[in-house]
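# Architecture at a glance
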Amino acid sequence: MAEHTAASSIAAEHAFHTDHAVPSLLAAAMAKSRTSEAAALVAAIAHALHGAIGVTEEYDLQLLTRRLHEWRVAHGSKPTGIC
(Lines give C-alpha, C1' and ligand atoms only; values in the text may rest on other atoms or scores of the structure.)
Protein backbone atom coordinates (compact mmCIF):
# COMPACT_ATOMS: atom_id res chain seq x y z
CA MET A 1 0.00 0.00 0.00
CA ALA A 2 2.81 2.38 0.90
CA GLU A 3 4.62 1.71 -2.39
CA HIS A 4 1.52 2.46 -4.47
CA THR A 5 0.84 5.61 -2.47
CA ALA A 6 4.44 6.80 -2.83
CA ALA A 7 4.49 6.08 -6.57
CA SER A 8 1.28 8.05 -7.03
CA SER A 9 2.63 10.95 -5.02
CA ILE A 10 5.86 11.02 -7.03
CA ALA A 11 3.94 10.92 -10.33
CA ALA A 12 1.73 13.81 -9.23
CA GLU A 13 4.67 15.85 -7.97
CA HIS A 14 6.52 15.28 -11.24
CA ALA A 15 3.50 16.32 -13.29
CA PHE A 16 2.69 19.48 -11.37
CA HIS A 17 6.16 20.66 -10.34
CA THR A 18 6.69 23.00 -13.27
CA ASP A 19 7.50 26.61 -13.94
CA HIS A 20 4.65 26.84 -16.44
CA ALA A 21 1.14 27.96 -15.53
CA VAL A 22 -0.30 24.74 -16.96
CA PRO A 23 1.33 21.32 -16.48
CA SER A 24 2.22 19.08 -19.40
CA LEU A 25 -0.86 17.18 -20.53
CA LEU A 26 1.14 13.98 -20.93
CA ALA A 27 2.63 14.22 -17.43
CA ALA A 28 -0.77 15.02 -15.93
CA ALA A 29 -2.38 12.10 -17.77
CA MET A 30 0.35 9.74 -16.59
CA ALA A 31 -0.09 10.95 -13.00
CA LYS A 32 -3.86 10.45 -13.20
CA SER A 33 -3.42 7.00 -14.68
CA ARG A 34 -0.95 5.97 -11.99
CA THR A 35 -3.08 7.29 -9.14
CA SER A 36 -6.24 5.69 -10.54
CA GLU A 37 -4.49 2.35 -10.75
CA ALA A 38 -3.00 2.72 -7.29
CA ALA A 39 -6.29 3.72 -5.69
CA ALA A 40 -7.98 0.50 -6.79
CA LEU A 41 -5.01 -1.62 -5.71
CA VAL A 42 -4.73 0.08 -2.31
CA ALA A 43 -8.47 -0.38 -1.72
CA ALA A 44 -8.22 -4.06 -2.63
CA ILE A 45 -5.25 -4.55 -0.29
CA ALA A 46 -7.07 -2.70 2.51
CA HIS A 47 -10.11 -4.96 2.11
CA ALA A 48 -7.89 -8.05 2.11
CA LEU A 49 -6.06 -6.80 5.19
CA HIS A 50 -9.18 -5.89 7.17
CA GLY A 51 -11.32 -8.78 5.95
CA ALA A 52 -15.06 -8.72 6.53
CA ILE A 53 -14.90 -5.67 8.77
CA GLY A 54 -14.06 -3.64 5.63
CA VAL A 55 -17.63 -3.98 4.37
CA THR A 56 -19.47 -3.30 7.61
CA GLU A 57 -21.39 -0.07 8.01
CA GLU A 58 -19.52 0.87 11.19
CA TYR A 59 -16.13 0.89 9.44
CA ASP A 60 -15.24 3.77 7.08
CA LEU A 61 -13.40 1.58 4.58
CA GLN A 62 -16.65 0.62 2.84
CA LEU A 63 -17.63 4.28 2.52
CA LEU A 64 -14.25 5.28 1.10
CA THR A 65 -14.29 2.37 -1.35
CA ARG A 66 -17.72 3.36 -2.63
CA ARG A 67 -16.54 6.94 -3.11
CA LEU A 68 -13.44 5.66 -4.91
CA HIS A 69 -15.55 3.83 -7.46
CA GLU A 70 -17.90 6.78 -7.90
CA TRP A 71 -14.98 9.18 -8.48
CA ARG A 72 -13.24 6.83 -10.90
CA VAL A 73 -16.38 6.52 -13.02
CA ALA A 74 -17.16 10.24 -12.81
CA HIS A 75 -13.68 11.32 -13.83
CA GLY A 76 -13.07 9.05 -16.79
CA SER A 77 -11.60 5.85 -15.40
CA LYS A 78 -13.20 2.50 -15.96
CA PRO A 79 -13.77 0.28 -12.94
CA THR A 80 -11.24 -2.55 -13.11
CA GLY A 81 -13.15 -5.07 -11.05
CA ILE A 82 -10.24 -5.41 -8.62
CA CYS A 83 -12.25 -4.40 -5.57
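In this report, the structure presented in the accompanying data block is examined.

Reading the values: the criteria
- Residues numbered from 1 in each chain as written.
- Predicted model: local features only at pLDDT ≥ 70, side-chain atom pairs only at ≥ 80, totals over all residues.
- Heavy atoms only, no water.
- Patch = residues over 30% accessible without salt bridge, like charges linked within 9 Å, V, L, I, M, F, W, Y side chains within 5 Å.
- Areas by Shrake-Rupley, 256 points an atom, 1.4 Å probe, with all protein chains shown as cover.
- Salt bridge = Lys/Arg side-chain N within 4 Å of Asp/Glu carboxyl O.
- Helix = DSSP H or I, 4+ residues; strand = E, 2+ residues; numbered from the N terminus.
- Buried < 20%, exposed > 50% of the residue type's maximum accessible area, 1.4 Å probe, protein only.
- Polar contact = N/O pair within 3.5 Å; in protein donor to acceptor, adjacent residues only side chain to side chain.
- Contact = heavy atoms within 4.5 Å.
- Axes fitted to C-alpha atoms, helices over the stretch in contact; angles between N-to-C directions.
- Parallel < 35°, antiparallel > 145°, perpendicular 65-115°, else oblique.
- Left-handed = near helix turned anticlockwise from the far one by under 90°.
- Nonpolar A, V, L, I, M, F, W, Y, C, P; charged D, E, K, R; others polar.
- Expected span 1.5 Å × (residues − 1).
- Arc of directions from axis to C-beta.

## Topic: a nonpolar patch on the surface
Where nonpolar side chains cluster on the molecular surface, the patch consists of Met 1, Ile 45 and Leu 49 and spans about 280 Å² of accessible area. Tracing the sequence through the fold places Ile 45 in helix H2 (residues 25-50). Residue classification places Ile 45 among the partly exposed residues on the basis of a relative accessible area of 35%.

## So, the side chain of Ser 8
Along the chain, Ser 8 turns up in helix H1 (residues 2-16). In terms of polar contacts, Ser 8 uses its side chain to reach the backbone carbonyl oxygen of His 4, at 2.9 Å. Residues contacting Ser 8, with those up to four places away along its chain left out, are Arg 34, Thr 35 and Ala 38.

## Details of the packing of H1 against H2
Helix-helix packing is described using two parameters, namely the angle between the two axes and the distance between the axes. Contact pair H1 / H2: the axes reach a minimum separation of 9 Å and the direction vectors enclose 165°. Here H1 is positioned roughly antiparallel relative to H2, judged by the angle of their axes. Regarding H1 and H2, the two cross each other, and that crossing is left-handed. Residues His 4, Thr 5, Ala 7, Ser 8, Ala 11, Ala 12, Ala 15 and Phe 16 of H1 pack against Ala 27, Ala 28, Ala 31, Arg 34, Thr 35, Ala 38, Leu 41, Val 42 and Ile 45 of H2. In terms of residue class, the contact of H1 with H2 is built from 12 nonpolar, four polar and one charged.

## Here we look at H2
In a regular helix each residue adds 1.5 Å, so 26 residues correspond to 38 Å; H2 covers 37 Å between its end C-alpha atoms and thus fits that length. Residues of H2 that are buried include every one of Ala 27, Ala 31, Ser 36, Ala 38, Ala 40, Val 42, Ala 43, Ala 46 and His 47, and no others. Buried-residue contacts for H2 involve H1 and helix H3 (60-74). Its side-chain oxygen 3.4 Å from the backbone nitrogen of Leu 26, Ser 24 forms the N-cap of H2. Remark: Gly 51 follows H2 within two positions and exhibits a positive phi of approximately 65°.

## Concerning H1
A rise of 1.5 Å per residue sets the reference length of H1, with its 15 residues, at 21 Å; its end C-alpha atoms lie 21 Å apart and thus fit the reference within 8%. If you check which residues of H1 are buried, you get Ser 8, Ala 11 and Ala 15. Take H1 and look down its axis: the buried residues cluster within an arc of 65°, on one side only. Turned more than 90 degrees off the buried face of H1, the exposed positions are Ala 2, Glu 3, Ile 10, Glu 13 and His 14. Here the buried face of H1 lies against H2.

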